[in-house]
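Observations on the model geometry
Chain residues, written in single-letter form:
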Amino acid sequence: MAGFEIYFDALEECATKAKLVANQFKGMADETPASVGTTCFGDLEGFSDKLVKAVNALEAKIEAETRHADQNLTKVEAALHQVVANVRKADLPVVPRTERA
């Protein structure tokens, strides 16, 4: 591809970093506690149940967001590898096709 200078190493390094960060998000999502009980807060005059629901809802949102980040970064990694493959394929010399009789 005349006129273009592609730094494949930089693209590969970005893909590697995306995978690394995706794995960190996956690890965070896998480590979140399943749920919190009222025993964590003691007796707060009727507010323990509300606090438990709020904390559990927050935990669920954090888990969903970290899983979403993991999935998106995994897609970024795959896309970067695809860019490298496509550019390398496009950079190959064009071989004329021969017609078969």
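These remarks concern the structure in this document. In this text, all values refer to a predicted model and were calculated from it rather than measured experimentally.

Here we look at helix α2 (residues 48-90)
- With 43 residues, α2 ought to run about 63 Å at 1.5 Å a step, and its terminal C-alpha atoms sit 62 Å apart, in line with that.
- Among the residues making up α2, those that are buried are S48, V52, T66, A69, D70, E77, L80, V84 and V87.
- Those residues of α2 that are buried are in contact with α1 (8-31).

Details of the environment of K53
- Secondary-structure assignment places K53 in helix α2.
- Remark: the alpha-carbon pair of K53 and V36, spanning 17 residues in sequence, is separated by 8.4 Å.

Thoughts on the side chain of E77
- As for its placement among the helices and strands, E77 is situated in helix α2.
- For the buried E77, no salt bridge is present, and the opposite-charge side chain at shortest range is K19, 4.5 Å distant.
- Not counting the four nearest positions on each side in its chain, E77 is found in contact with A15, A18 and K19.

Definitions and limits used
- Residues numbered from 1 in each chain as written.
- Predicted model: local features only at pLDDT ≥ 70, side-chain atom pairs only at ≥ 80, totals over all residues.
- Heavy atoms only, no water.
- Helix = DSSP H or I, 4+ residues; strand = E, 2+ residues; numbered from the N terminus.
- Expected span 1.5 Å × (residues − 1).
- Buried < 20%, exposed > 50% of the residue type's maximum accessible area, 1.4 Å probe, protein only.
- Contact = heavy atoms within 4.5 Å.
- Lys, Arg positive; Asp, Glu negative; His and termini not counted.
- Salt bridge = Lys/Arg side-chain N within 4 Å of Asp/Glu carboxyl O.

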